[in-house]
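Close look at the chain arrangement
Single-letter residue listing:
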Amino acid sequence: MFAKISARYDLLNHLLSGNMDKRWRRLVASELRSDLESGEAQVLDVACGTGDLALTLFESTDARVVGTDFCRPMLELAARKASKLEAAISFVEGDALSLPFRDGLFDGVTIAFGLRNLSSTDGGLRELLRVLKPGGKAAVLEFSKPIVPGFRAAFQFYFTTMLPWLGGIVVGREARTSICLIRFQDSGSETARRADARGWV
Ligand SMILES: C[S@@+](CC[C@H](N)C(=O)[O-])C[C@H]1O[C@@H](n2cnc3c(N)ncnc32)[C@H](O)[C@@H]1O
């Protein structure tokens, strides 16, 4: 499904988030910046898609940046974008549930809007931690449900009704079914709860 929507993925992302996604990625990069000050540092962006977070990490830190994703068309777009911006980022094809990197290689790892797409959230978190150096920092960017009642209902309506409809218009009828199927769950807070229960935070 990501291969099908790759060409319009960036447009969809910026449109559906009201361009907020750029700000959220900058926040992630700023959370990791102090851990990535040395030129020797390495950071991995998992499920990197078209590379926007990898590029933000490249622009905001001194670390060597690696992006990985299992969808080749997404990676090709990411590599094209990076080369246009003369950003020396390595893009590696790989499954987030079995990352092609050795234990403890990275000073920082990130995943943006990717965990909710994995068949196992725990498996994804385990892999992020496996490739992270002891003392390194992992950042997960995900949606969660607002807790204020009126806003929560409006948010739910937007995500379960408006967003699949708008997404269908941008990427086409075929992808609309998939967007409905991956309807956004409460993965942000659920992820935090799971990580907390396992002593990962
Ligand atoms: C919603 S996009 C997010 C892309 C990017 N991180 C961003 O912030 O725009 C989800 C990405 O996760 C990737 N993905 C889903 N499951 C994966 C897996 N098991 N291993 C690697 N990548 C995966 C998809 O190919 C897609 O590029």
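Data block above holds the structure.
These remarks concern the structure in this document. This structure is a prediction, so every number in the text was calculated from the model and none was measured. (Residues numbered from 1 in each chain as written. Predicted model: local features only at pLDDT ≥ 70, side-chain atom pairs only at ≥ 80, totals over all residues.)

1. Some words on the pairing of strand E1 (residues 42-46)
- Of all five residues making up E1, five are buried, and the element is well covered by its neighbours.
- Of the two faces of E1, the one holding Gln-42, Leu-44 and Val-46 and the one holding Val-43 and Asp-45 are both buried throughout.
- Here E1 runs beside strand E2 (residues 64-69); their pairing, made up of five bridges, is parallel. Residue pairing in the sheet places Val-46 in a bridge with Thr-68 of E2.
- Running through helix H3 (residues 52-60), the crossover from E1 to the neighbouring parallel element E2 is right-handed.
- Sheet topology places E1 next to strand E4 (residues 106-112); four bridges connect them, and they run parallel. Paired with Val-43 across the bridge in E4 is Gly-108. (Buried ≥ 20, exposed ≤ 12 C-beta atoms within 10 Å, placed from the backbone. Helix = DSSP H or I, 4+ residues; strand = E, 2+ residues; numbered from the N terminus. Pairing = 2+ DSSP bridges. Right-handed = clockwise from strand over helix to strand, strands pointing away.)

2. Some thoughts on the site of the ligand
- Around the ligand, a shell composed of 19 residues is seen, among which Ala-47, Gly-49, Cys-71, Ala-96 and Ala-112 lie nearest.
- For the shell around the ligand, the secondary-structure elements that each account for two or more residues are helix H1 (2-16) and H3.
- Residue composition of the shell around the ligand, by class: twelve nonpolar, four polar and three charged. (Near = placed C-beta within 6 Å. Nonpolar A, V, L, I, M, F, W, Y, C, P; charged D, E, K, R; others polar.)

3. A short note on the nonpolar core
- One finds Val-43, Val-46, Ala-54, Leu-57, Val-65, Val-109 and Leu-128 to be the most contacted residues of the largest nonpolar core, which totals 41 residues.
- Considering each element in turn, this core owes the most residues, five residues, to H3.
- Beyond its immediate chain neighbours, meaning those up to four positions away, Ala-54 contacts Asp-45, Cys-48, Val-65, Gly-67, Ala-78 and Ile-89. (Core = buried A, V, L, I, M, F, W, Y, C linked by C-beta atoms within 7 Å. Contact = placed C-beta atoms within 7 Å.)

4. Some words on the sheet that holds strand E5 (residues 132-141)
- Spatial strand order, E3-E2-E1-E4-E5: five strands in an open sheet with parallel pairing. Strands with a single pairing partner mark the edges of an open sheet, and in this sheet they are strand E3 (89-93) and E5. Each strand axis lies, on average, 20 degrees off the axis of its neighbour in the sheet, ignoring direction.
- Helix H5 (residues 121-131) rests against E1, E4 and E5 of the sheet, and its axis sits at about 140 degrees to E5. (Axes fitted to C-alpha atoms, helices over the stretch in contact; angles between N-to-C directions.)

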